[in-house]
Amino acid sequence: MGTDASQRAFARALTDPDAALPPGVIGSAARFNIHRNNIIASLTALLASRFPVIRRLVGDDFFRAATGTFIARHPPQSPVLVEFGGAFAVFLAAFEPAASLPYLTDIARMEWARHAAYHAADVAPADLSSIARLDHDRMSLLRFTMHPSAAIVASPFPILSIWRTNSFDAEVRPIALDAGSETVLIVRPHLEVITASLSAGSDIFITALATGATLGDAALAAADHDPAFDLAATLAVLFRKQAFAAIIPSTI
Amino acid sequence: MDRRTANLAIASTVMTALAKATAPATAEEEMEQCYGISKAGQNDCASTGDTTCAGTSKVDYDKNAWKYVAKGTCEKITVKLPDGSTRTGSLVPAKS
């Protein structure tokens, strides 16, 4: 067996307790099991630190079982473990035992966005004082660069309410899932990760801005998509939470 | 609404948003800030640094269905099903 093949067999056996002892391993299976369990335990602890609300929602046993399956199907693809767990939300969406908790995947996206924001590049947020001096006639032509840590998670479920009570309340408050959709901004302009509520349709608005649309065009796209879109409220949150890295005036 | 009127409406909305953004924080936002600080100490080293001795030779995870019964706080979150009935989030093992 060549080096590549033997390394692949070794790697496969690391996440599968039923796999045979990989070729070339010296000593008893018990020794290899210790190594394998260290890896599973480390990765499980990592996921527990990245997805604390998911863990609280489903309990320890379910979380361990779900993360065990996830680790086996999606082992780390990078030696940088900060990148591990990005696929957990997509995994949960298709994970049959979690099918009766349809909001789990959006909570996982939120928790991953918070983790990614924590590790995103440090960039000073845009200076807002320049806006007031701009020509009002051209304000709809403004373009914005999102802060590299900024992310939006839109959900048909009240994910921010679920996340908040599970993050901060010793005893969670009851929440009815038909309480409605919630759209969440996650950003880290300075040292702290900020989680804030946004108006419906703001995900369309921000996606348009992030892909280079002007303020006017992005506002129209969001209003077309959701008549409840509130431009003033959305901009107020984005300004206050410092979600922009740059504000680019029109040059024409 | 002509183009100029639309532009001025956007401008006035932007100025309103700026004024709101620089106004004192609401109680809810103050709370969020406190939460942010309490969470800021989290990092990967702290959460994974103590697990190097966690492994044993015991097979660590089995695939028993009972582990797929959610016993967490999801029971406090009420799911409304498409037929209008409600149920709580407790999970049962998948039946095949």
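Residues numbered from 1 in each chain as written. Chains lettered and ligands numbered in written order. Predicted model: local features only at pLDDT ≥ 70, side-chain atom pairs only at ≥ 80, totals over all residues. Heavy atoms only, no water.

Notes on the overall build of chain A
Next up, step 1: Scanning chain A from N- to C-terminus turns up 10 helices and 6 strands.
Next up, step 2: Sorting the 252 residues of chain A into buried and exposed places 50% on the buried side.
Next up, step 3: Across chain A, contacts joining residues at least 24 apart in sequence account for 68% of those joining residues at least 6 apart.
Next up, step 4: Put simply, chain A shows about 11000 Å² of open surface, and 56% of that area lies on carbon and sulfur atoms.
Next up, step 5: Computing the positive centroid from 19 side-chain charges and the negative centroid from 23, chain A places the two 8 Å apart. (Helix = DSSP H or I, 4+ residues; strand = E, 2+ residues; numbered from the N terminus. Buried < 20%, exposed > 50% of the residue type's maximum accessible area, 1.4 Å probe, protein only. Contact = heavy atoms within 4.5 Å. Areas by Shrake-Rupley, 256 points an atom, 1.4 Å probe, with all protein chains shown as cover. Lys, Arg positive; Asp, Glu negative; His and termini not counted. Charge placed at Lys NZ, Arg CZ, Asp CG, Glu CD.)

Some words on the overall build of chain B
Next up, step 1: Scanning chain B from N- to C-terminus turns up 3 helices and 2 strands.
Next up, step 2: Its helices and strands in sequence order give chain B the pattern α-α-α-β-β, from N to C terminus.
Next up, step 3: By residue count, 28% of the 96 residues in chain B fall in the buried class.
Next up, step 4: Carbon and sulfur atoms provide 59% of the accessible area of chain B, an area that totals close to 6200 Å².

What about the sheet that holds strand β4 (residues 182-187) of chain A?
All names here are of chain A.
Next up, step 1: Read from one edge of the open sheet, 3 strands run β2-β4-β5, paired in antiparallel fashion. Single-partner strands in this sheet number two, and they are β2 (151-155) and β5 (194-198). With direction set aside, neighbouring strand axes in the sheet form an average angle of 25 degrees.
Next up, step 2: When β2 meets β4, the two strands line up antiparallel, connected through 5 bridges. (Pairing = 2+ DSSP bridges. Axes fitted to C-alpha atoms, helices over the stretch in contact; angles between N-to-C directions.)

Some thoughts on the confidence of the model for chain A
Parts of the prediction with low pLDDT should not have their coordinates interpreted in detail.
Next up, step 1: Per-residue pLDDT for chain A averages 93, and the proportion of residues at 70 or more is 99%.
Next up, step 2: When mean pLDDT is compared element by element in chain A, helix α5 (residues 88-93) of chain A scores highest at 98, while helix α1 (residues 3-15) of chain A scores lowest at 87. (pLDDT = per-residue confidence, 0-100.)

Here's the deal with helix α1 (residues 3-22) of chain B
Residue and element names in this part refer to chain B.
Next up, step 1: Between its first and last C-alpha, α1 extends 29 Å over 20 residues, near the 28 Å set by a 1.5 Å rise per residue.
Next up, step 2: Within α1, burial applies to Asn7, Ile10, Ala11, Thr13, Val14, Ala17, Leu18 and Ala21. Taken around the axis of α1, the buried residues stretch over an arc of 160 degrees, which confines them to a single face. (Expected span 1.5 Å × (residues − 1). Arc of directions from axis to C-beta.)

Details of the confidence of the model for chain B
Residue and element names in this part refer to chain B.
Next up, step 1: Looking at chain B, the pLDDT average stands at 61 and 34% of residues meet or exceed 70.
Next up, step 2: Per-element confidence in chain B ranges from a low mean pLDDT of 39 for helix α3 (residues 44-48) to a high of 86 for α1.
Next up, step 3: In this model residues 33-52 is a low-confidence stretch, pLDDT under 50, and it forms 27 contacts with partners more than four residues away in sequence or in other chains.
Next up, step 4: Counted against residues more than four places away or in other chains, residues 90-96, with its pLDDT under 50, gives 16 contacts.

Quick notes on the packing of aromatic side chains
Residue and element names in this part refer to chain A.
Next up, step 1: Counted under the stated rule, the structure contains 15 aromatic pairs over all chains.
Next up, step 2: Ring geometry for Phe10 and Phe32: centres 5.4 Å apart, planes at 80 degrees, overall edge-to-face. Here Phe10, found in helix α1, pairs with Phe32, found in helix α2 (residues 29-50); they are 22 residues apart in sequence, far enough to count as distant.
Next up, step 3: Under the relative-accessibility criterion, Phe10 is labelled partly exposed at 31%.
Next up, step 4: Between the aromatic rings of Phe70 and Phe84, the centroid separation amounts to 5.8 Å while the plane-to-plane angle is 40 degrees, which identifies the pairing as tilted. With a gap of 14 residues between them, Phe70 in helix α4 (residues 60-73) and Phe84 in the loop between α4 and α5 connect regions that are remote in the sequence. Like Phe84, Phe70 is buried.
Next up, step 5: Connected via pairs of aromatic rings, a cluster forms that spans Phe51, Phe62, Phe63, Phe70, Phe84, Phe88, Phe91, Phe95 and Trp112. (Phe/Tyr/Trp six-rings, centres within 6.5 Å; stacked < 30°, edge-to-face > 60°.)

Focus on the nonpolar core
The nonpolar side chains of a soluble globular protein tend to be buried with one another.
Next up, step 1: One finds A:Ile54, A:Leu57, A:Tyr103 and A:Leu104 to be the most contacted residues of the largest nonpolar core, which totals 48 residues.
Next up, step 2: Contributions of two or more residues to this core are made by α2, α3 (52-58), α4, α5, α6 (104-119), α7 (159-168) and β4 of chain A.
Next up, step 3: In terms of residue count, α6(A) provides more of this core than any other element does, 7 residues in total.
Next up, step 4: Not counting the four nearest positions on each side in its chain, A:Tyr103 is found in contact with A:Leu57, A:Phe157, A:Ile159, A:Ile162, A:Leu177, B:Cys74 and B:Ile77.
Next up, step 5: Ranked by size, the runner-up nonpolar core spans 36 residues in total, among them A:Ile131, A:Leu215, A:Ala222 and A:Phe239. (Core = buried A, V, L, I, M, F, W, Y, C linked by side-chain atoms within 4.5 Å.)

Observations concerning the environment of A:Gly68
Next up, step 1: With respect to the element layout, A:Gly68 can be found in helix α4.
Next up, step 2: In this structure, the C-alpha to C-alpha distance between A:Gly68 and A:Ile40, residues 28 residues apart in sequence, is 7.3 Å.

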